[in-house]
Each structure stands twice: as C-alpha cells, then as structure tokens.
Amino acid sequence: MFTSSPNWSLVIAIIAGLAALTAFGFWFQHRQGLVKVTNGDAGSLSAGEVGGPLGAAATLVMFSTRFCSICPSARAFFEALIGEVSGVSFYEVDAEKDLALAKKFGVKSTPTTLVLDASGNVMARIIGAPKRANTLAIIKKVAGVVPVSIVEPVSATKGANE
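Residues numbered from 1 in each chain as written. Predicted model: local features only at pLDDT ≥ 70, side-chain atom pairs only at ≥ 80, totals over all residues. Heavy atoms only, no water.

**Brief notes about the pattern of salt bridges**
Move 1: Tallying each qualifying case throughout the model produces four salt bridges.
Move 2: A salt bridge links Lys104 to Glu49; the nearest nitrogen and oxygen atoms lie 3.6 Å apart. Taken together, the residues span a long stretch of sequence, with Lys104 in helix α4 (residues 99-104) and Glu49 in helix α2 (residues 47-50) at a distance of 55 residues.
Move 3: For Glu49, a relative accessible area of 33% translates into the label partly exposed. (Salt bridge = Lys/Arg side-chain N within 4 Å of Asp/Glu carboxyl O. Helix = DSSP H or I, 4+ residues; strand = E, 2+ residues; numbered from the N terminus. Buried < 20%, exposed > 50% of the residue type's maximum accessible area, 1.4 Å probe, protein only.)

What follows is the structure, encoded as structure tokens:
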C-alpha cells in the first residue's frame, strides 16, 4: 500500500510538457506545405543551375537530402503534378551536394521548394510537404493564369530566413 501523496509539481510539469509538445505538433503540421510568396526579389536561378531548361510557365526546384523522410513523397507529388500542368518543369537539388545553392536561398529544412517564373526569378517557396491546392494556386499565379493570394508577400530577406 502506498500512503504517500503524489508529487504534484512533477505531475504539473509532465502535463505542461505534454501540452507544449502537443502545441508544437500542431504548429509544425500547420507549417507543412506553407507557401511564402515573394515579390520576385528573392533571387533567380538559371537553367544551368537547375540542371535543365526552365519551364515555359513555371519551374519547381525542390531541395532535398538523403535523410529527408518527406522528400520521396514530395518528389512523387511534383512529378505527377507536372504531368497535369503544361509548361511546368521540376528539378530536384541535393542540398548536401550543392550546399552553396542551398545557402544562397536560405534552405534550412527539406523539402523546400522554390517556385520560379519563366525567367527563373524566385516567386515563392513551399516549406515542407506540399499541399495540392496551395501548389496549384501558386503555379497558376506565377504562370499568370489567375491572380491568387495564398499568403502575404514576404521580403527576400524574411523569406530566405525561414
């Protein structure tokens, strides 16, 4: 038989820790597939830098690493998507092998996907696992098909730091 009372400070600390982890989980899930729109001032990429010709409407450049658990499904998503949308190209950059390019665009997590216009200007970045509706909307916006507002525009400095 236990006659001692529970250590309430320990119980409260455990509950607070679980609440913090739950909040972090919701925040992390919310950020997956988040699209950050730039004003075209976040830099640009050439066909040589991405490894092939830029798309006539848009180009998607996904930075990945071999340890990224989300990257294979993101790659499959983008490859299927470009089959549905004409004028869009997709390239994958190994952030470990091309560290200079990853640093140039402030890639801090993978997958991070840059959305380029036909001239190679970075018009948006998708952080984490892409969401279909957001990705299609930003491609349409970049291609000039329809004006779509997904999130507030961010400056190149702010967008590159996230």
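And the narrative resumes.
**Overview of the sheet that holds strand β5 (residues 122-127)**
Move 1: Spatial strand order, β1-β5-β4-β2-β3: five strands in an open sheet with mixed pairing. Each edge of the sheet is formed by a strand with only one pairing partner; in this case those strands are β1 (34-37) and β3 (88-94). Within this sheet the neighbouring strands show an average axis-to-axis angle of 20°, counted without direction.
Move 2: Of the pairings in the sheet, the one linking strand β2 (residues 58-64) to β3 comprises seven bridges and is parallel in character. Residue pairing in the sheet places Thr59 in a bridge with Ser89 of β3.
Move 3: Against the sheet, helix α3 (residues 71-84) contacts β2, β3, β4 (112-116) and β5, and its axis sits at roughly 170° relative to β2.
Move 4: With respect to the sheet, helix α5 (residues 132-143) is in contact with β1, β2, β3, β4 and β5, its orientation differing from that of β1 by roughly 20°. (Pairing = 2+ DSSP bridges. Axes fitted to C-alpha atoms, helices over the stretch in contact; angles between N-to-C directions. Contact = heavy atoms within 4.5 Å.)

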